[in-house]
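Spelled out from the first residue to the last, the chains are:
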Amino acid sequence: MKLLAFDTSGEACSVALWCDGDVRQRLERVPRRHGELVLAMADGLLAEAGLRLAGLDALAFARGPGSFTGVRIATAVVQGAAFGADLPVVPVSTLAATARGAFRLHGAQRCLVAIDARMDQVYWGAYRLAAEGAIELEGDEAVLAPDAVPVPADAAWYGVGSGWQAYRAALHARLAGRLTGELAEVFCEAQDVAHLAADLFAREGGVAAEAALPVYLRDRVTFSR
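Residues numbered from 1 in each chain as written. Predicted model: local features only at pLDDT ≥ 70, side-chain atom pairs only at ≥ 80, totals over all residues. Heavy atoms only, no water.

Concerning the environment of I135
This is how it is decided: Per the convention used, a helix needs a DSSP run of H or I reaching at least four residues, while a strand needs a run of E reaching at least two, with both numbered from the N terminus. Exposure classes here rest on a 1.4 Å probe applied to the protein chains alone. A residue is buried below 20% of its type maximum, exposed above 50%, and partly exposed in between. In what follows, a contact means two residues having at least one pair of non-hydrogen atoms within 4.5 Å.
Inspection of the secondary structure puts I135 in strand β8 (residues 135-144). I135 sits in the buried class, given a relative accessible area of 17%. Remark: the alpha-carbon pair of I135 and F103, spanning 32 residues in sequence, is separated by 9.6 Å. When near neighbours in sequence (up to four residues on either side) are disregarded, I135 contacts A96, A99, R100, Y127, R128, L129 and L196.

Digging into the layout of surface pockets
Going by this rule: The method works on a 1 Å grid over the protein atoms by themselves. A cavity is a set of points holding a 1.4 Å probe that cannot get out, a pocket is an open set with protein on both sides within 12 Å along at least five of seven lines, and residues with an atom within 4 Å of a point line them. Grid points are joined across faces, edges and corners, and a volume is the space filled by probe spheres set on the points.
Of the volumes computed, that of the largest pocket is approximately 850 Å³. Lining the largest pocket we find 36 residues, and of these S9, G10, E11, S67 and R118 sit closest to its centre. Mapped by element, the contributors of at least two residues to the lining of the largest pocket are α1 (34-49), α2 (68-85), α3 (94-106), β6 (110-116) and α4 (163-166). Here the element with the most residues in the lining of the largest pocket is α2; it accounts for four residues.

Section: unusual backbone geometry
In this model, G64 is joined to P65 through a cis peptide bond whose omega is 5°. Mapped onto the elements, P65 comes out in the loop between β4 (58-62) and α2. A positive phi angle, near 50°, is found at D20, a position not held by glycine. Looking at where D20 falls in the secondary structure, it is placed in the loop between β2 (12-19) and β3 (22-29).

Focus: the nonpolar core
Here is the rule: Nine residue types can take part in a nonpolar core, namely buried Ala, Val, Leu, Ile, Met, Phe, Trp, Tyr and Cys, and a core is a set of them joined through side-chain atoms within 4.5 Å.
Ranked by internal contacts, the top residues of the largest apolar core, which has 36 residues, are L3, V113 and V193. Considering each element in turn, this core owes the most residues, seven residues, to helix α6 (residues 190-204). With residues near it in sequence (within four places) discarded, V113 still touches L95, T98, A99, Y123, W124, G125, Y127 and V160. Counting residues in each nonpolar core, the second largest holds 27 residues, with L4, M41, V78 and A85 among its members.

Keep in mind these numbers describe shape, not what the thing actually does.
Here you go:
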């Protein structure tokens, strides 16, 4: 299986090429330059591997939640490339990919992922590493105030992502007794998007380019007085 994965959902811009389990990645932490860098990264990886876009099996991208502008960049790039090369697309949750990064870097198997959503909110998802190596979501992904995130029934979770730096006090107060540690420095990377996408594609296939849509979460939020 060969697939190209993109992530522009946060401050980092990254592209990864998955070739039968071997992964190569290019990544730069350059806010507001994703649009000018992402295609060059993709072209460089393909040239390095001696591949053409049409020779891939699928494309993948971090579909959000994350920066509205950043998520739209990856969506537009992947949709355009998929239309041009007639390739299926595998959308991957930014939160799930961040959890997968925490496992890759630190062995964290239970992750409470909180990404800073501004406006005193976090993008939230609770993920466990399944026995077969897949990342499984518990409950729903949501955008919430830090003092309103769901409290898991059990303990030994890692706090993962930028929300733990931005709203540390509120999250620790809310989740007292449930945490093993904090990994605030972990962020979404295309190599983790690629790993999750390869598994999803093998099990479920991809979607057509026009169905590769961003997920913002905030669109589904209702506010009450």
